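In case you want the letters, here they are:
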Amino acid sequence: MLKNDSRIEAADFVFLDSGCYFSSQFVQKLRQQPDWKVWDMYGLPNCDLTPVHCLVIDGFADQEFLYQERAIIRRFLDDGKIVIFCGHLFRDWLPGASAFVPKQVRSYHDYTVLIHQPHPIFAGVRPEDMTYRKGVAGFFARGHHPLPPLAEVLLTLADGEPITYIDRFSTRGTILVHAGNNLFGYDEPSDTSGRIAAQLKRWVRDEYGRIRERREMSCEK
Amino acid sequence: MRKIAALYGGNAHQQRTLYESKYRRFFAEVIYLPALYRGSLDEFDVLLVPSQLHQGLLARSQPQIRQFLNRGGIIAAFGAQPQPWLPGHNWEFRPTNFWWWLEPNAKSGLVLKRPEHDLFRYITLEDATWHYHGVFWPAAGAEILIEVEDGGAIFYIDKLTTPGTLILTTLDPEFHYGSYFMPATERFLDGFLPWLAEGQL
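Computed from a predicted structure; not experimentally measured.

J.: Where do I start with the overall build of chain B in this structure?
T.: A count of helices and strands for chain B gives seven helices and ten strands. Rg of the C-alpha trace for chain B: 16 Å, near the compact-globule value of 17 Å for 201 residues, within the 12% margin. The dimensions of chain B, computed from C-alpha atoms along their principal axes, are 50 × 35 × 30 Å. Every one of the 201 residues in chain B was classed for burial, and the buried ones make up 61%. Per element, the accessible surface of chain B, about 8,000 Å² overall, is 51% carbon and sulfur. The averaged location of the 21 negative side-chain charges in chain B is 5 Å from the averaged location of its 17 positive side-chain charges.

Structure representation (structure tokens):
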């Protein structure tokens, strides 16, 4: 469990680990990075979130548990922090977010990923590299979450369904929702989608700074 | 009809699969994994264990699972099993080939070993064919129904290692069905669950 000590300052990012087999390789990689901490998700109620800037939760997470502990997530966000969720939501634990809506798939073209507007997280990433892996479509996203008011859409499917969005209005922090695999897993240099993890990390740091600035300005008033 | 309990870890793919009405009707109870260590499996004939459960919680529930097998219970488990929490499966990791079907003269590598087995009145080999993440090397005497060409079991039944019955497959149909990916997995579940409920094991 996380303890209050000076080393925590570097642990900006916390991945809430579902403890399942498919996450184990990703977890091993994170453990080698000094700015990441990996917490077993069931330890969340006993953890000190004060030094943490960003909580990352993937699609293997126990959403029954997250719903039970939704007040912790809400408090973390209202403290001006960032939550990134990548997966299919089915419980109401993430402020402003709606349940996942699967895409009615008639052909592989339905899986086409489009960049809705340029954004630093996806700078230099070719939409084709998100749509296809070795010529096969469907790995990246197979549906969407309906948007909360004023959300900023980053990526869509071919018919305009928003698969990746940022919500700065449902709480006093920032929420990024992606209807697919963990975006921090896109770090392989084999194609341009491998840029996503590093660019997302940079965006989180910038976003955290922006939230702090906003909060300081509103305090000054 | 056998009385089946399904384990549920609270994730999205399990939620979709286990609570889909055409599958939910096969389960007398869906047991939330974090609660299993406090409970008992005494009233059930079969425990269905989906893939991608919390490994630590599974380990904590070992006494319940062992007791269930020792009194002759049937465990059917899906997916990779890197931890030795079920007796005798001997998991071996294999890199996954998601793209075998795009290769020239495409072959999945899966081989039907016991075409006469009752399971295959419910599913075909094609219904069990998408990809796999590894193989098992079960104990001698286990009945291998599906294996891969270069060795290793994909689906087997072991009635010897414990007083109970272990039905293990490295396939993870509930993950793919619950993730809206791979149509064969729905056909697999459409046949596998009725067989588990009433077929000859």
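J.: Got a minute to help me understand the side chain of Ser51(B) in this structure?
T.: Residues and elements named next belong to chain B. Positionally, serine 51 belongs in the loop between β3 (46-49) and α4 (55-60). Exposure remark for serine 51: the relative accessible area of 2% places this residue in the buried category. Once you skip the residues sitting within four places of it in the chain, serine 51 turns out to touch His13, Gln14, Phe78, Gly79, Asp172, Glu174 and Phe175.

J.: I'm lost on helix α1 (residues 12-19) of chain B in this one. Help?
T.: Because an α-helix packs 3.6 residues into every turn, residues spaced three or four apart end up facing the same way. Taking burial as the measure, the eight residues of α1(B) include six buried ones, the bulk of the element. Against α2 (63-68) of chain A together with β1 (4-8), α2 (21-24), β2 (27-32), α6 (173-178) and α7 (184-198) of chain B lie the buried residues of α1(B).

J.: It is not clear to me how the environment of Gln52(B) should be interpreted in this structure. Could you clarify?
T.: If you trace the backbone, Gln52(B) turns up in the loop between β3 and α4. Taking the C-alpha atoms as reference, Gln52(B) lies 8.1 Å from Gly9(B); in sequence the two are 43 residues apart. Excluding anything up to four places from it in sequence, Gln52(B) contacts Cys20(A), Tyr21(A), Phe22(A), Phe60(A), Asn11(B), His13(B) and Gln14(B). From its side chain, Gln52(B) meets the backbone nitrogen of Phe22(A) in a polar contact 2.8 Å long.

J.: Quick question: what am I supposed to make of the environment of Asp127(B) here?
T.: Residue and element names in this part refer to chain B. Of note, aspartate 127 is situated in the loop between β6 (110-112) and β7 (134-136). Of the residues examined, aspartate 127 reaches a relative accessible area of 11% and is grouped as buried. With 56 residues separating them in the primary sequence, aspartate 127 and proline 183 have C-alpha atoms 8.8 Å apart. If we skip the residues at most four places from it in the chain, aspartate 127 touches Ala184, Arg187 and Phe188. A polar contact is formed between the side chain of aspartate 127 and the backbone nitrogen of threonine 124, at a distance of 3.0 Å.

J.: So what exactly am I meant to see when it comes to the interface of chain A and chain B here?
T.: Often, the extent of an interface is quoted as the loss of accessible area upon association of its parts. Taken together, the 27 residues of chain A in the interface contact 28 residues of chain B. Roughly 2,300 Å² is buried in total at the junction of chain A and chain B, and carbon and sulfur atoms are behind 64% of that figure. Broken down residue by residue, the surface that chain A buries against chain B is led by Tyr21(A), Phe22(A) and Arg142(A), which jointly contribute 27%. If you look at where chain A meets chain B, you find zero salt bridges. For the interface between chain A and chain B, the tally reads nine residue pairs in polar contact (both at pLDDT 80 or more).

J.: Explain the packing of aromatic side chains here, please?
T.: Aromatic ring pairs are defined here through the distance separating the ring centres and the angle between the ring planes. Residue and element names in this part refer to chain B. Taken as a whole and judged by the stated rule, the model has 27 aromatic pairs over all chains. With centroids separated by 5.5 Å and ring planes inclined at 75°, the aromatic side chains of tyrosine 8 and tyrosine 19 adopt a geometry described as edge-to-face. On the criterion of sequence distance, the pair formed by tyrosine 8 in strand β1 and tyrosine 19 in helix α1 is long-range, its members being eleven residues apart. Assessed through its relative accessible area of 3%, tyrosine 8 is described here as buried.

J.: Explanation requested: the sheet that holds strand β10 (residues 152-157) of chain A in the structure shown.
T.: By definition, the strands of a sheet pair up through backbone hydrogen bonds, in either a parallel or an antiparallel sense. Residue and element names in this part refer to chain A. Spatial ordering of the open sheet is given by β2-β1-β3-β4-β12-β11-β10-β6, a layout of eight strands whose pairing is mixed. Each edge of the open sheet carries a strand with a single partner, namely β2 (36-40) and β6 (113-115). Ignoring strand direction, the axes of neighbouring strands in this sheet form an average angle of 15°. Examined bridge by bridge, β10 and strand β11 (residues 162-167) share four bridges and lie antiparallel to one another. Across the sheet, valine 153 pairs through a bridge with tyrosine 165, a residue of β11. The sheet strands contacting helix α1 (residues 21-31) are β1 (13-17), β2 and β3 (54-58), and the helix crosses β1 at an angle near 155°. Against the sheet, helix α3 (residues 70-78) contacts β3, β4 (82-86) and β12 (174-178), and its axis sits at roughly 130° relative to β4.

Cut-offs used in this document
- Residue indices follow the written sequence of each chain, beginning from 1 at its first position.
- Throughout, the order in which chains and ligands are written sets their labels, letters from A for the former and numbers from 1 for the latter.
- Side-chain atom pairs in this predicted model are given and counted only at pLDDT of 80 or more, local residue features only at pLDDT of at least 70, and totals for whole chains, interfaces and linings cover all residues.
- Working from all heavy atoms in the structure, the side-chain values ignore hydrogens and water.
- Runs of E in the DSSP output that reach at least two residues are strands. Runs of H or I that reach at least four are helices, and both are numbered from the N terminus.
- Taken over C-alpha atoms, the radius of gyration is set against a globule rule of 2.2 Å times the number of residues to the power 0.38.
- Working definition: with a 1.4 Å probe on protein chains only, accessible area under 20% of the residue-type maximum means buried, over 50% means exposed, and in between means partly exposed.
- Per-residue and other accessible areas were derived by the Shrake-Rupley procedure at a 1.4 Å probe size, with only the shown protein chains allowed to occlude residues.
- Note that His is not counted, nor are the chain ends; the positive residues are Lys and Arg, and the negative ones are Asp and Glu.
- Charge placement uses NZ in Lys and CZ in Arg. For Asp and Glu, CG and CD serve respectively.
- Any pair of residues with heavy atoms lying within 4.5 Å of one another is described as a contacting pair.
- Under this definition, polar contacts are N or O atom pairs within 3.5 Å; protein pairs additionally need one hydrogen-donor-capable and one acceptor-capable atom, and for neighbouring residues in sequence, both atoms have to be side-chain atoms.
- Buried area is understood as the total, over both parts, of accessible area removed when two parts are fitted together, assessed with a 1.4 Å probe.
- Within this document, salt bridges are pairs made up of a side-chain nitrogen of Lys or Arg and a carboxyl oxygen of Asp or Glu, the two lying within 4 Å of each other.
- Here is the rule: rings of Phe, Tyr and Trp (six-membered ring for Trp) pair when centre to centre is within 6.5 Å. Planes less than 30 degrees apart are stacked, more than 60 are edge-to-face, and the remainder are tilted.
- By definition, two strands form a pair when at least two bridges between them are found by DSSP.
- Note on method: axes are straight lines fitted to C-alpha atoms, helices fitted across the in-contact stretch only, with angles between N-to-C directions ranging 0 to 180 degrees.

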